Amino acid sequence: MKKTFVITILLGLITLVHAQPKINSLTFPSAVNLFDLYEITFQLGSYANPYDPDVIDVYAEFTAPDGQVSKVNGFYYEGYRFEQYKGYEKSQPDSRGNGWKVRFTPHQEGVWHFTLHATDKKGVVRLNSFSNTDFSFSCKAVENTCGFITKANTRYLKREVVANGKRQSHSFFPIGPNVAWYTCKSYYNFATPYGIYEYERRIDSLAGRANYMRIWLNRTQYLSLYGYEYTQTVAGNPPLYFDNTLNQKDAAELDHIIQYAAKNGIAIMPCIFTYGDFKADQKHDGALDKNPADWRVNPYNTVLGLKTPTDFFTDKEAQRIARNLVRYIIARWGYATNIVAWELWNEISNMDLDKQAYGKYCDVVTRWHDDMARYVRSNDPFHHLVTTSIGYDSESMLFNRIYNELDIVQDHHYANMQKAKSKEQISHLLYLTSLEAHRVYPNKIFFIGEFGFGSSDSQRYLEKDPHGIDLHNTLWSTLFSGMMGPASFWQWSALEKCGTHKVFEPIHTFSKNLPIPSETFDPRTTGEISKVTKNKLVFPNSLETYYMVNAAEDTLYGWSQDTIFTYQSLRRLTDKVGSNGHFKDDGVEDAKGYVYTLNANKRPRPSSRSNTITLPIVRQPDGTVYNIRWYDSETGGELTSERTTATVKGKALTIEFPSSIRDLKKRRINNTFGDAVFVITSANNEKGSTPKSDAARKIKIIPTKR
């Protein structure tokens, strides 16, 4: 049984200057497991602004068994209780939990020591080990656990894990959708939120199928740490949280969400600010009760008095309040090993901008991000990564500046998939986006944090595509595009209503067994722009192949698919195309069509009479033997019967797409998506790991075909 020490502090037992502050009822555990939460709880006096370190600054210094010292900020805490009533969340304050906390996660086994500090305008108090009381705890070894997610190199992530008692680093490809906020009984009925119970349901649907989700901390009418709280109205008026207050109910919700996600193997990227709070919504002008999240009710405007949203980035008071919020977020949730990165802004490029002074706007926003990134790193002892997102504006001046101090470059991308004559599939568009991002930022990790099939119609789109064919295709193509993981789908409610959560499982199963790719892996495709039909992408033998290969060209990971297997192409087999090359939006016209019924008898035939795929290999000599393994895209498991070898000839490796899937003799496709995944390694590099010497040799990467 884990011991917990409760200590009432006596004046003579501490190092004390002046009479304040006073630390009372100090509680801390005597032991904790490796990579588990270690929490210190105590009481302090009352402060006008417990969220401002200039008013009250609390922190602990933890000394590791090897002597390393980590500074961890403390935070003010108010307790809340939650219960479920008819599916809705009911919350009640629990003052028994009110007080101060320090949260820490030990990364070394053995005995740790800590010292607790508190400073206010009247004095300083410092608590450390004394006489019979030792401020220490033991960190115990465990057989299996997960540690922090960090950069593996300039392209990919890794996660420290303990498996069967052995400590090691594994690759980490974030795979999963956005789950940005919970909903209410109806959009405008804020009194009945589904709250943490909706998050539990969505996390349950992802558990074992995915390992990631992105959430917002700024949806005013739902989960938000500042702004109006519409679920706690008094006489019809919602309380406003800002600066010297913080929405402790929603903070308690986030406690639960992060911990519940961790238990179910789901990592989280929390987003702190969003452009919508800083943009006047003309659609709901004069009806703020129906859209309480825009600049007109933003406390940076109504309380602080900023004249324009751009002032947020230059005003000293706004900077102080924003920094205090970020500091609090790191102090309360930085301990969590399942935090992928801190995302400072959602789609910062979509704010209301002064087009006449766009260059100045880019300057001030970039400077704010540079300063905030440095501030985050100075306050985060757990070294989480830092990012921000651009709203499908990757060619803008802002995109070219804003990521200098950030760890992850992030873009969002949406496409109108109802167009029957679209030039390219979204799976290819996102692949090209990754190439462009790495051209601008060659030494930065890249991720598409949101994508969808049109800005609002993804549910209707998925209803017409119940197997999620284009969603499936986009996940696989972007996994091998040089991104840190496959693009993250936006419309999470559509996933649930259409039952397509299962689309993440095979790619999760496959990728978690991949070794950490080196930064030299280069994304490629076998497609070429047609010289006859302008802008049309053509794949040899109608097999679209996306893959990545390391600098030594002894390891290739990729995905190949018959080109007929896209939503638009399948619809063309049976459905009539409407005016302007569009399908009608009200449903599939032919109810007996393949996409609508998923009728196996209507499954398309192979688009060519060859299964041959040719991959250029110029870094290995002719005669080099490669081992080829194919994987099922519907399960992520290996097709062991398809194991084979191939030999480099004429600076190319020629492989055969699995005949068990694309049966040319019977002119038949034997799976839902007409595709398969491959891992190809030279016989001299069977483990698929890239030699460290690759980076040191600075081998010139072969340009990718576009």
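Worth saying up front: this structure is predicted, and the values here are computed from it rather than measured. (Residues numbered from 1 in each chain as written. Predicted model: local features only at pLDDT ≥ 70, side-chain atom pairs only at ≥ 80, totals over all residues. Heavy atoms only, no water.)

A.B. asks: Looking at this structure, I do not really get the overall build of the chain. What am I missing?
C.D. replies: Along the chain, the regular secondary structure elements total 14 helices and 35 strands. Considering only intrachain contacts with a sequence separation of at least 6, the fraction spanning at least 24 residues in the chain is 70%. A total of about 29000 Å² of accessible surface is found on the chain, and carbon and sulfur atoms cover 48% of it. (Helix = DSSP H or I, 4+ residues; strand = E, 2+ residues; numbered from the N terminus. Contact = heavy atoms within 4.5 Å. Areas by Shrake-Rupley, 256 points an atom, 1.4 Å probe, with all protein chains shown as cover.)

A.B. asks: Honestly, the sheet that holds strand β13 (residues 145–151) in this entry has me stumped. Any pointers?
C.D. replies: The strands making up a sheet associate through backbone hydrogen bonding, with each pair oriented either parallel or antiparallel. Spatial ordering of the open sheet is given by β13-β14-β15, a layout of three strands whose pairing is antiparallel. In this open sheet, the two strands that pair with only one neighbour each are β13 and β15 (166–172). Across the sheet, the mean angle separating the axes of adjacent strands is 25° when strand polarity is ignored. Note that strand β14 (residues 157–163) and β15 share seven bridges and pair antiparallel. Residue pairing for β15: K158 is matched across the bridge by S171. (Pairing = 2+ DSSP bridges. Axes fitted to C-alpha atoms, helices over the stretch in contact; angles between N-to-C directions.)

A.B. asks: What should I look at first to understand the environment of V142 in this one?
C.D. replies: Residue position: V142 is located in the loop between β12 (136–140) and β13. Sequence-wise, V142 and R167 are 25 residues apart; in three dimensions their C-alpha atoms are separated by 9.9 Å.

A.B. asks: Honestly, the layout of surface pockets in this entry has me stumped. Any pointers?
C.D. replies: It is the rolling of a water-molecule-sized probe over the atoms that shows where space remains empty. Approximately 800 Å³ is the volume found for the second largest pocket. In this structure, the second largest pocket is lined by 29 residues; those nearest its centre are T145, C146, R159, A262 and G265. Elements that contribute at least two residues to the lining of the second largest pocket include exactly β13, β14, β15, α2 (248–263) and α11 (505–511). Examining the composition of the lining of the second largest pocket, we find that four residues originate from one element, α2, more than from any other. For the lining of the second largest pocket, the class distribution of residues is 13 nonpolar, twelve polar and four charged. (1 Å grid on protein atoms, 1.4 Å probe; cavity = no way out; pocket = protein on both sides within 12 Å on 5 of 7 lines; lining within 4 Å. Points joined across faces, edges and corners; volume = space filled by probe spheres on them. Nonpolar A, V, L, I, M, F, W, Y, C, P; charged D, E, K, R; others polar.)

A.B. asks: Would you explain unusual backbone geometry in this entry?
C.D. replies: In most cases, non-glycine residues show a negative phi, while peptide bonds are predominantly trans. We note that S25 has phi near 50°; this positive angle belongs to a residue other than glycine. With respect to the secondary-structure elements, S25 resides in strand β3 (residues 24–29). In this structure, D243 takes a positive phi of about 60° despite not being glycine. Within the fold, D243 resides in the loop between β18 (240–241) and α2.

A.B. asks: I tried to follow the pattern of salt bridges on my own but got confused; where do I start?
C.D. replies: Opposite charge on two side chains makes pairing possible when the charged atoms of those side chains draw close. In this structure the tally under the stated criterion is 30 salt bridges. One salt bridge connects D255 with R103, and the closest N-O pair in it is separated by 3.0 Å. Here R103 lies in strand β9 (residues 88–104) and D255 lies in helix α2, a separation of 152 residues in the sequence. Its salt-bridge partner being R524, residue D522 comes within 3.4 Å of it at the nearest N-O pair. In terms of burial, D522 and R524 fall into one category: buried. Overlapping salt bridges bring together E39, K101, R103, D255 and R332 as one network. (Salt bridge = Lys/Arg side-chain N within 4 Å of Asp/Glu carboxyl O. Buried < 20%, exposed > 50% of the residue type's maximum accessible area, 1.4 Å probe, protein only.)

A.B. asks: What should I look at first to understand the pairing of strand β23 (residues 445–452) in this one?
C.D. replies: Regular strands place their side chains on alternate faces of the sheet. Most of β23 is tucked away: eight of the eight residues are buried. Where strand β22 (residues 408–414) lies against β23, seven bridges are found, and the strand directions are parallel. Within β23, the position partnered with Y414 by the bridge is G452.

A.B. asks: Explanation requested: the side chain of T366 in the structure shown.
C.D. replies: By the secondary structure assignment, T366 is in helix α5 (residues 358–379). Of the residues examined, T366 reaches a relative accessible area of 7% and is grouped as buried. Leave out the neighbours within four places in its chain, and T366 touches L398, R401 and I402.

A.B. asks: Looking at this structure, how should I read the packing of aromatic side chains?
C.D. replies: Aromatic ring pairs are defined here through the distance separating the ring centres and the angle between the ring planes. Under the counting rule described, the total for this entry stands at 65 aromatic pairs. Consider the rings of Y88 and Y194, whose centres lie 5.1 Å apart with planes at 45°: the pair is tilted. One end of the pair, Y88, is in strand β9; the other, Y194, is in the loop between β15 and α1 (195–206), with 106 residues separating them in the sequence. Aromatic side chains F104 and W112 sit 5.1 Å apart centroid to centroid with 65° between the ring planes, which places their arrangement in the edge-to-face category. Its relative accessible area of 2% is what places F104 among the buried residues. Look at W112 and you get buried, because its relative accessible area is 0%. (Phe/Tyr/Trp six-rings, centres within 6.5 Å; stacked < 30°, edge-to-face > 60°.)

A.B. asks: Hey, could you run me through empty space enclosed by the protein in this one?
C.D. replies: Under the criterion given, the structure shown has five cavities of 30 Å³ or more. Its boundaries defined by the atoms lining it, the largest cavity holds a volume of some 120 Å³. Lining of the largest cavity is provided by Y51, Y226, F242, D243, T245, L246, Y300, I321, N324, L325 and Y328. In terms of residues, the lining of the largest cavity owes the most to one element, helix α4 (residues 316–333), which gives four residues. In the lining of the largest cavity, the residues fall into eight nonpolar, two polar and one charged. Empty space within the second largest cavity amounts to approximately 90 Å³. Lining the second largest cavity are 14 residues; nearest its centre among them are P50, Y51, G74, R327 and Y328. Counting residues per element, the ones that place at least two in the lining of the second largest cavity are β6 (56–63), β8 (75–85) and α4. Considering every element that reaches the lining of the second largest cavity, the biggest residue donor is α4, with four residues.

No statement about biological role is implied by the geometric values presented.
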